[in-house]
2 protein chains.
Amino acid sequence: MKTVKESEIRRQEILVAARELFIKKGYEQTSVNDILKIVDIAKGTFYYYFASKSEVLDAIVLDIVEEGARRAESILIDKSIPLLNRIMMAIMAQVPEFEGTDEIKVEIHKVENTKLERLYLREMLKRMTQILQKPITEGIELGIFHIEYPTESIESILLLGHMMFDCDVFHWKVEDYPMKIKAFLFNVEKLLGTKEGELDVFLKMFGQMK
Amino acid sequence: MKTVKESEIRRQEILVAARELFIKKGYEQTSVNDILKIVDIAKGTFYYYFASKSEVLDAIVLDIVEEGARRAESILIDKSIPLLNRIMMAIMAQVPEFEGTDEIKVEIHKVENTKLERLYLREMLKRMTQILQKPITEGIELGIFHIEYPTESIESILLLGHMMFDCDVFHWKVEDYPMKIKAFLFNVEKLLGTKEGELDVFLKMFGQMK
């Protein structure tokens, strides 16, 4: 009988192989058989872990959320960076770069794929709100933030950032971005109840990213 | 040759018939032929106006946005209501009740239908931001709102309200709603730069709606 640990390793092997195949060949073009060949397991073993190829994709999306969460956490523990900057950098670092994972990104944002996009959004919001709870509470105690509903302020900031900048829900023109980013940072200041202009330092940073 | 007006009437007849059929029979179960029978036109005439059944659905969604915009506008002209209350009531009135239009609501929110949901969201945001421009400017001039980016504040409020309360993106539990609404109104006050507690009057109203 397999130990829990072996079982987790096998599951991870499937996910790693599938992710590589989805990127290289594309999600649609990858079959469960392709995955089996690389991991060298029987079909039954695959179906012991996942009910379908699309369930594998769901699991990869959750891994992407977790990877983002870890990037965010590693920034949040760096006490050499001022608290507010750390929080903003953590939020930015969380956004999946999808380095080399274009295929998965396309899949998530595909017009037909509300389910996957919602899964990513909901899990990202849940995980990041958890992670940011502590630094936000710290900021309130230090008198940097003035908010009554820390969880909901964070939820709102994450949601707005995602919809506006990752999902491009407004279809803004490229030339509008500097102003939209400025307005977004202004609104984040309001939602956190910071002094005005506290986030000005990020204007330049965002400016360089675009 | 048909006049522009006749052409517009014919188009509206198709939309009205289709909407009724989508509600009564369901979108999937309605065929273009069903629509033709009611409007009593030839197939060619239908395809002169719409490329497909799904294009008819798109047009219905735009009509729904427009209907919401009109409800909002009719509230905004009522000067007997204080400005801030008028704005909030207009935003609430805009939300499609989808009275008797469950089928279309289901269609919009269907897991596979990102395209339609995005179309609704984008058009609603565009139209409502337009409508709210004037009262928001008025509020700034009267010193009720203190904001530097009125358009973007409105965009943020509409987007948050839609994602949180119409789309249920967080999957909140029923018992969490009172607190979530309180937090939302608190954040709306921040985004508009009003005095604290200005929106408390809406707590009761929302409380009754849930």
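Look up a bit, the structure's there.
Per-chain numbering applies: the sequence of each chain, read as written, is numbered from 1 onward. To read the labels, note that chains go from A and ligands from 1, taken in the order they are written. Only residues with pLDDT of at least 70 get local features here, since the model is predicted, and only at 80 or more are side-chain atom pairs given and counted; chain-wide, interface and lining totals rely on the full set of residues. Hydrogens and water are ignored here; the side-chain numbers use all heavy atoms of the structure.

1. A look at the side chain of Gln94(B)
Phase 1 of the analysis: Along the chain, the position of Gln94(B) falls in helix α5 (residues 83–94).
Phase 2 of the analysis: The contact definition used throughout considers only heavy atoms, calling two residues in contact when any of these lie within 4.5 Å. For Gln94(B), the contacting residues outside a window of four places in its chain are Gly68(B), Arg71(B), Ala72(B), Tyr120(B), Met124(B) and Met128(B). Put simply, DSSP marks the helices as runs of H or I at least four residues long and the strands as runs of E at least two long, and each gets a number from the N terminus on.

2. Brief notes about the interface of chain A and chain B
Phase 1 of the analysis: Every contact between the two is made by 38 residues of chain A and, on the other side, 38 residues of chain B.
Phase 2 of the analysis: Across the chain A/chain B interface, buried area totals approximately 3500 Å², and carbon plus sulfur atoms make up 61% of it.
Phase 3 of the analysis: A pairing counts as a salt bridge when a side-chain nitrogen of Lys or Arg comes within 4 Å of a carboxyl oxygen of Asp or Glu. On inspection of chain A and its partner chain B, the count reaches 4 salt bridges.
Phase 4 of the analysis: The shortest N-O distance in the salt bridge between Lys180(B) and Glu155(A) comes to 3.3 Å.
Phase 5 of the analysis: N or O atoms within 3.5 Å of each other form a polar contact, as long as, within protein, one can give a hydrogen and the other can take it, and as long as residues adjacent in sequence are counted only when both atoms are side-chain atoms. Taken together, chain A and chain B are joined by 8 residue pairs in polar contact (both at pLDDT 80 or more).
Phase 6 of the analysis: Of all elements in the fold, only α7 (114–141), α8 (150–166) and α9 (177–192) of chain A reach the threshold of two or more residues within the side of chain A that touches chain B.
Phase 7 of the analysis: Polar here means any residue outside two lists: the nonpolar Ala, Val, Leu, Ile, Met, Phe, Trp, Tyr, Cys and Pro, and the charged Asp, Glu, Lys and Arg; Gly therefore counts as polar. Residues belonging to the side of chain A that touches chain B are distributed by class as follows: 17 nonpolar, 7 polar and 14 charged. The buried area of a pairing is the accessible area, by a 1.4 Å probe, that goes missing from both parts when the two are put together, added over both.

3. A word on the state of the cysteines
Here, the word disulfide means a covalent bond between the sulfur atoms of two cysteines.
Phase 1 of the analysis: The rule for a disulfide is simple: a pair of cysteine sulfur atoms within 2.5 Å. Enumeration over the complete set of coordinates arrives at 0 disulfides over all chains.
Phase 2 of the analysis: As a non-bridged cysteine, Cys167(A) has Cys167(B) as the owner of its nearest cysteine sulfur, 12 Å distant.
Phase 3 of the analysis: On the basis of relative accessible area, Cys167(A) is assigned to the buried category, the value being 10%. For every residue, the accessible area obtained with a 1.4 Å probe (protein chains only) is divided by the maximum for its type, and the residue is called buried under 20%, exposed over 50%, and partly exposed between those limits.

4. Here we look at helix α2 (residues 32–39) of chain A
A turn of α-helix holds 3.6 residues, and therefore any two residues three or four places apart point the same way.
Phase 1 of the analysis: Every buried residue of α2(A) is listed here: Val32(A), Asp34(A), Ile35(A), Leu36(A) and Val39(A).
Phase 2 of the analysis: Just beyond α2(A), the residue with positive phi is Asp40(A), at close to 60 degrees.

5. Observations concerning the relation of the copies chain A and chain B
Phase 1 of the analysis: All copies are superposed by least squares; the fitting set is the C-alpha atoms of residues with a pLDDT of at least 70 in both. Between chain A and chain B, which share one sequence, the superposing operator has a rotation angle of 180 degrees and an axial displacement of 0.0 Å; the RMSD is 0.0 Å. The transformation just described matches what one would write down for a two-fold rotation axis.
Phase 2 of the analysis: Comparing interface residues between copies, 100% of those in chain A also sit at the interface in chain B, which points to an isologous, same-surface contact.

6. As for the packing of aromatic side chains
Phase 1 of the analysis: Aromatic rings from Phe, Tyr and Trp, with only the six-membered ring used for Trp, were paired whenever their centres fell within 6.5 Å, and each pair was classed as stacked if the ring planes differed by under 30 degrees, edge-to-face if by over 60, and tilted otherwise. In total, this model carries 20 aromatic pairs over all chains according to the counting rule given.
Phase 2 of the analysis: Aromatic side chains Phe165(A) and Phe184(A) sit 5.1 Å apart centroid to centroid with 70 degrees between the ring planes, which places their arrangement in the edge-to-face category. With Phe165(A) in helix α8 and Phe184(A) in helix α9, the pair connects residues that are 19 residues apart, well separated along the chain.
Phase 3 of the analysis: The partly exposed category is assigned to Phe165(A), whose relative accessible area is 22%.
Phase 4 of the analysis: Where Trp172(B) meets Tyr177(B), the ring centres are 5.9 Å apart and the plane angle is 85 degrees; that geometry is what we call edge-to-face. Tyr177(B) shares its class with Trp172(B); the two are buried.
Phase 5 of the analysis: These aromatic residues form a ring-pair network of at least three members: Phe165(A), Phe170(A), Trp172(A), Tyr177(A) and Phe184(A).
Phase 6 of the analysis: Here, a charge over a ring means that NZ of Lys or CZ of Arg falls within 6 Å of the ring centre while also lying within 35 degrees of the ring normal. Above the plane of the ring of Tyr27(B) lies Lys53(B), whose end atom (NZ or CZ) is 4.2 Å from the centre.
Phase 7 of the analysis: Over the ring of Phe186(B) we find Lys190(B), and its NZ or CZ is 4.8 Å from the ring centre.

7. Digging into the nonpolar core
Phase 1 of the analysis: Grouping buried Ala, Val, Leu, Ile, Met, Phe, Trp, Tyr and Cys residues that are joined through side-chain atoms within 4.5 Å yields what is termed a nonpolar core. Membership of the largest hydrophobic core comes to 126 residues, with the highest contact counts inside it found for Phe46(A), Leu132(A), Leu159(A), Phe46(B), Leu132(B) and Leu159(B).
Phase 2 of the analysis: A total of 11 residues in this core trace back to one element, the largest contributor, which is helix α4 (residues 53–76) of chain B.
Phase 3 of the analysis: The residues contacting Leu159(B), other than those within four sequence positions of it, are Leu160(A), Met163(A), Met164(A), Val169(A), Phe170(A), Leu121(B) and Leu125(B).

8. Looking at the pattern of salt bridges
Phase 1 of the analysis: Summed over the entire model, instances satisfying the criterion amount to 18 salt bridges over all chains.
Phase 2 of the analysis: The partner of Lys25(A) in a salt bridge is Asp34(A), with the nearest N and O atoms 2.9 Å apart.
Phase 3 of the analysis: Accessibility expressed as a relative area gives 15% for Asp34(A), which makes it buried.
Phase 4 of the analysis: For Glu152(A), the salt bridge is made with Lys180(B), and the minimal N-O distance between the two is 2.7 Å. Of the two residues, Glu152(A) sits in helix α8 while Lys180(B) sits in helix α9 (residues 177–192), which places them in two different chains. In terms of burial, Glu152(A) and Lys180(B) fall into one category: buried.
Phase 5 of the analysis: Taken together, the shared-partner salt bridges in this structure form one network comprising Glu152(A), Glu155(A) and Lys180(B).

9. Things to note about helix α1 (residues 4–25) of chain A
Phase 1 of the analysis: Multiply 1.5 Å by the residue count of a helix minus one, and that product is the helix's expected span. The terminal C-alpha atoms of α1(A), which comprises 22 residues, lie 31 Å apart, in line with the 32 Å expected from a rise of 1.5 Å per residue.
Phase 2 of the analysis: Downstream of α1(A) by a residue or two, Gly26(A) has a phi angle that is positive, lying close to 100 degrees.

10. Re the packing of α1(A) against helix α4 (residues 53–76) of chain A
Residues and elements named next belong to chain A.
Phase 1 of the analysis: Here, axes are lines fitted to C-alpha atoms. For helices the fit covers the stretch in contact, and angles between N-to-C directions go from 0 to 180 degrees. At a closest axis distance of 10 Å, the pairing of α1 and α4 adopts a crossing angle of 95 degrees. Here α1 is positioned roughly perpendicular relative to α4, judged by the angle of their axes. Seen from α1, the contacting residues are Arg-11, Gln-12, Leu-15, Ala-18, Arg-19 and Phe-22; seen from α4, they are Lys-53, Val-56, Leu-57, Ala-59, Ile-60, Asp-63, Ile-64 and Glu-67.
Phase 2 of the analysis: The residue inventory of the contact of α1 with α4, partitioned by class, reads 8 nonpolar, 1 polar and 5 charged. Throughout this description, any angle smaller than 35 degrees is read as roughly parallel, any larger than 145 degrees as roughly antiparallel, any in the 65 to 115 degree range as roughly perpendicular, and the remainder as oblique.

11. Focus: the environment of Lys37(A)
Phase 1 of the analysis: Its location among the elements puts Lys37(A) in helix α2.
Phase 2 of the analysis: The spacing of Lys37(A) and Ile181(A) is 144 residues in sequence and 47 Å in space, taken between C-alpha atoms.

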